[in-house]
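# Summary of structural features
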Amino acid sequence: MEVILAGFLDTFSLTNILFIFLGIAMGVFVGAVPGLNGPMAIALAVPMTYYMSPLAAIAFLIGINKGGTYGGSIAAILLNTPGTPEAAATCYDGHPLAKQGKGEKALKMALYASVFGDTFSDFILILVAAPIAVVALKMGPPEILSVIIFALTIIAGLEAKQLVKGLIGAGLGIFFASIGMDPNTATPRLTFGLWELENGISLMALGIGTLALSEVLVQLEAKGDAQDKIFELDKTQKKENRRISLREFRGVLRTLTRSSLIGSAMGALPGLGAVIASFLGYGAAKRASKDPDSFGKGNIEGVAAAEAANNAVIGSNLIPLFTLGIPGNVASAMLIGAFIIHGVTPGPLMFEEHGRLVYGIYGGMLVGNVLNLLIGAIGLRIFVRVLSIPRNIIYPVIIFICLTGAYIADNSLFAVGVMIGFAVLGYFMKKLEFSFVTFIIGFVLGPMFEMSLQQTLIMSRNNIFIIFQRPIALVFIAFTAVFVWRVVRRSGKTARGSIKQRNGRGLS
Amino acid sequence: MRKADIITALFLLVTGLTMIFVIIPVQTYPGEEYGVPPATMPTAAMGIVTAMAGILLVQRLLDRRKTEKDTPSPMRRLQWLHIAGFTALLFAGLAAIKFLHFIPGGILILAVLMFITGQRKPLNIILVSVPTPFLVYAALWYGLKIPLP
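Residues numbered from 1 in each chain as written. Chains lettered and ligands numbered in written order. Predicted model: local features only at pLDDT ≥ 70, side-chain atom pairs only at ≥ 80, totals over all residues. Heavy atoms only, no water.

## Examining the overall build of chain A
When helices and strands are counted, chain A shows 22 helices and two strands. For 508 residues, the compact-globule formula gives about 23 Å, and the C-alpha radius of gyration of chain A, at 23 Å, lands near that figure. Expressed along its principal axes, the backbone C-alpha trace of chain A runs to roughly 75 × 70 × 50 Å. For chain A, the share of sequence-separated contacts (at least 6 apart) that also reach a separation of at least 24 residues comes to 78%. For chain A, the accessible surface area stands at approximately 19600 Å², while carbon and sulfur atoms represent 64% of it. Where the 40 positive side-chain charges of chain A centre and where its 29 negative ones centre are 11 Å apart. (Helix = DSSP H or I, 4+ residues; strand = E, 2+ residues; numbered from the N terminus. Rg over C-alpha atoms; globule rule 2.2 N^0.38 Å. Contact = heavy atoms within 4.5 Å. Areas by Shrake-Rupley, 256 points an atom, 1.4 Å probe, with all protein chains shown as cover. Lys, Arg positive; Asp, Glu negative; His and termini not counted. Charge placed at Lys NZ, Arg CZ, Asp CG, Glu CD.)

As structure tokens, this is what we get:
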């Protein structure tokens, strides 16, 4: 109990609150610009956290994620272009509301729904993580190995358009993770005689390259600097078109709770991210509505449903990270980098070894929600202005920050070169529809996978089939097999459907 | 997209096989009897890549649908020029930081990038490219004590 209280109290230092504030403001700013998103900003910000305290660093990064997810709704509502992928469902009703002159009302609902979903999911994390960690502590290397195989397969199957491409991404990620020192023999592996590679490839260089710089390279392909039509906030509108009344908020409370539950459930499973959650939340609200036809035409409930669901992913996404050390998405993968920088290994032992930090992070997340609400409400008009910054100013600055970030991550220009190399690889992966998410998660899980495999083989005297003899491991392997079978069956059905359709067209 | 997938799969297949049979054995020390030999992980990872690339290739070759009209190739001449140009520019930026140091190199990179991405107003270029490296340098050096070149 003392640890819990001390952890929560740590959050309330001025420095920590300042960094959470900065993180959220930075996240909303980045999220508001179409093409930029939270994980990208986290990748860029991790090197800056080197000299912060562990709590300030993690709370700052989680603040970016929170702000970024909400920030995506600003462009979705005012531009009809989602600022972040997870805000795509917000466009359906948010933009029609902006067209009706109710942009400010939609933005406020997006903010309240985001904070509601976020807080809901944070409480789920706080309640669930520690008990799961206790169970996780009883898992041995074969169980961990089976969980990693399960997580990688699920992420590959759900993130990529095709399981095959997802697995190629994961394989490449594990391959790049194997560069450096071999953990068993302590001999250099695939370093090509370069001493800079002996410590392995820096996660930050890889993250900044594949997440941030490659995305900017893709965005820069868009011709010219044509700004889309922005629906400005109209101050002359009636109060009811600019505000959310308590009655209106009560009216969407059921939707908010439903979406938050959906988002939290999606976030807790690796691979099922905020994008799926927001569409599921939106779909569920539409099905449950008495007036489903009004959805897509400017129903405020649609904004609430999508935003609560996508923000509810943020907290619960940390459940697999905190309890098993497995990142459920790219943002968590980047957080692993930050944890490692500060000498903390995410996983069940974290509750024992760094309990105070864990509860400090929980406190930071809750404070972050309050700050998100304040920053969003006060700075709404400022963040709307972000949409009008020309791309030929914002993208060059981001490229420059990418170069700087990669340098400070490793204190070497070699890391900058590596980052540029991964940016090019990320560009091709995005263009050719290979999953860069499985690539990054494969890279993060690679060393853990190798370690579990080593330990499993050593403890079983080179008998890999031990994973079929341990009940928990067997359950995860069975889940993996069922998942693969379902994905293969589904793609077979889709292929047969297209052939039938083609033959039908050919006959007619 | 089908053609692009075939070329990519072929490239991955050849790269994977080269890695497994040539590069990994040369670049790893022979294993010990205890535990997993150093070559196991990279070989297994490349094995997954190669096997999946093989499946992708077979899938696309068997897929006789002409999808070219529906989904055009994502990499055309313009895209190749775009990525080649930016890669060259970024490595030139890296060299600029190395030889001119952070602030002058940063100003140069920003100014060139802004010009290339379509900013034609000299005042805008100066107003963004000059203070940004100074601000970043000051924030990192004086604020967070992070040394920069």
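## Digging into the packing of helix H1 (residues 2-11) of chain A against helix H17 (residues 355-378) of chain A
All names here are of chain A. Relative orientation of the contacting elements H1 and H17 amounts to 45 degrees, with a least axis distance of 7 Å. The angle between the axes of H1 and H17 places the two elements in the oblique class. Regarding H1 and H17, the two cross each other, and that crossing is right-handed. Taken together, the residues of H17 that come into contact with H1 (itself represented by Val3, Ile4, Ala6, Gly7, Phe8, Asp10 and Thr11) are Gly355, Arg356, Tyr359, Gly360, Tyr362, Gly363, Gly364, Leu366 and Val367. Of the residues in the contact of H1 with H17, the class split is eight nonpolar, six polar and two charged. (Axes fitted to C-alpha atoms, helices over the stretch in contact; angles between N-to-C directions. Parallel < 35°, antiparallel > 145°, perpendicular 65-115°, else oblique. Left-handed = near helix turned anticlockwise from the far one by under 90°. Nonpolar A, V, L, I, M, F, W, Y, C, P; charged D, E, K, R; others polar.)

## Structural notes on the interface of chain B and chain A
Between chain B and chain A, the residue contacts involve 63 residues of the former and 58 residues of the latter. Carbon and sulfur atoms make up 79% of the surface buried where chain B meets chain A, a total of about 5600 Å² over both sides. When the buried area of chain B at its contact with chain A is split by residue, Val36, Met41 and Leu90 of chain B rank highest and sum to 12% of it. The interface formed by chain B and chain A includes one salt bridge. With its nearest N and O atoms 2.8 Å apart, the salt bridge here joins Lys165 of chain A to Asp5 of chain B. The interface formed by chain B and chain A contains six residue pairs in polar contact (both at pLDDT 80 or more). (Buried area = accessible area lost by both parts, 1.4 Å probe. Salt bridge = Lys/Arg side-chain N within 4 Å of Asp/Glu carboxyl O. Polar contact = N/O pair within 3.5 Å; in protein donor to acceptor, adjacent residues only side chain to side chain.)

## Focus: the packing of aromatic side chains
Residues and elements named next belong to chain A. In this structure the tally under the stated criterion is 21 aromatic pairs over all chains. A centroid spacing of 5.9 Å and a plane angle of 80 degrees characterise the contact between Phe176 and Phe439, whose relative ring orientation is edge-to-face. Taken together, the residues Phe176 in helix H8 (residues 163-177) and Phe439 in helix H21 (residues 436-459) connect sequence positions 263 residues apart. Residue class for Phe439 comes out buried when judged on its relative accessible area of 0%. Between the aromatic rings of Phe322 and Phe339, the centroid separation amounts to 6.0 Å while the plane-to-plane angle is 85 degrees, which identifies the pairing as edge-to-face. (Phe/Tyr/Trp six-rings, centres within 6.5 Å; stacked < 30°, edge-to-face > 60°. Buried < 20%, exposed > 50% of the residue type's maximum accessible area, 1.4 Å probe, protein only.)

## Re the pattern of salt bridges
All names here are of chain A. Here the structure, examined in full by the defined rule, presents 12 salt bridges over all chains. A salt bridge links Asp10 to Arg356, with the shortest nitrogen-to-oxygen separation between them at 2.8 Å. With Asp10 in helix H1 and Arg356 in helix H17, the pair connects residues that are 346 residues apart, well separated along the chain. The exposure class of Asp10 is partly exposed, given its relative accessible area of 24%. Owing to a relative accessible area of 45%, Arg356 belongs among the partly exposed residues under this scheme. One salt bridge connects Glu248 with Lys105, and the closest N-O pair in it is separated by 2.6 Å.

## Quick look at the environment of Phe400 of chain A
With respect to the element layout, Phe400 of chain A can be found in helix H19 (residues 391-410). By relative accessible area, which is 0% here, Phe400 of chain A ends up buried. Placed 70 residues apart in sequence, Phe400 of chain A and Arg470 of chain A show a C-alpha to C-alpha distance of 51 Å. Phe400 of chain A has contacts with Phe102, Gly106, Leu110, Thr132, Pro133 and Val136 of chain B, leaving out every residue within four places of it along the chain.

## What to know about the confidence of the model for chain B
Residue and element names in this part refer to chain B. Across chain B, the average pLDDT comes to 87, with 91% of residues at 70 or higher. The least confident element of chain B is helix H6 (residues 131-143), whose mean pLDDT is 86; the most confident is helix H4 (residues 102-116), at 93. Predicted as a complex, the structure gets a pTM of 0.82 and an ipTM equal to 0.91. (pLDDT = per-residue confidence, 0-100.)

## As for H17 of chain A
Spanning 24 residues, H17 of chain A covers 34 Å between terminal C-alpha atoms, matching the ideal 34 Å at 1.5 Å per step. Counting buried positions over the 24 residues of H17 of chain A gives 17, a clear majority of the element. (Expected span 1.5 Å × (residues − 1).)

## What about unusual backbone geometry?
The backbone phi angle of Leu190 of chain A is positive, close to 55 degrees, even though this residue is not glycine. Within the secondary structure layout, Leu190 of chain A lies in the loop between strand E2 (188-189) and helix H9 (203-219). Take Leu190 of chain A: its relative accessible area is 1%, and that puts it in the buried class. Of note in the backbone geometry, His101 of chain B takes a positive phi value of approximately 80 degrees without being a glycine. The residue His101 of chain B is located in the loop between helix H3 (77-100) and H4 in this model.

## Here we look at the side chain of Lys108 of chain A
All names here are of chain A. Considering the arrangement of structural elements, one finds Lys108 in helix H6 (residues 103-136). Owing to a relative accessible area of 19%, Lys108 belongs among the buried residues under this scheme. In contact with Lys108, not counting residues within four places along its chain, are Arg242, Arg243, Ile244 and Leu380.

## With respect to the nonpolar core
Note that soluble globular proteins tend to have their nonpolar side chains buried in a common cluster. Core analysis: the largest hydrophobic core is formed by 190 residues, its most contacted members being Ile74, Ile168, Phe322 and Met419 of chain A. Top contributing element to this core by residue count: helix H4 (residues 54-79) of chain A, with 15 residues. For Ile168 of chain A, the residues in contact, after removing those within four places along its chain, are Phe434 of chain A together with Leu12, Val49, Met52, Ala53 and Leu56 of chain B. By size, the runner-up hydrophobic cluster in this structure holds seven residues, among which are Ile262, Met266, Ala277 and Ala309 of chain A. (Core = buried A, V, L, I, M, F, W, Y, C linked by side-chain atoms within 4.5 Å.)

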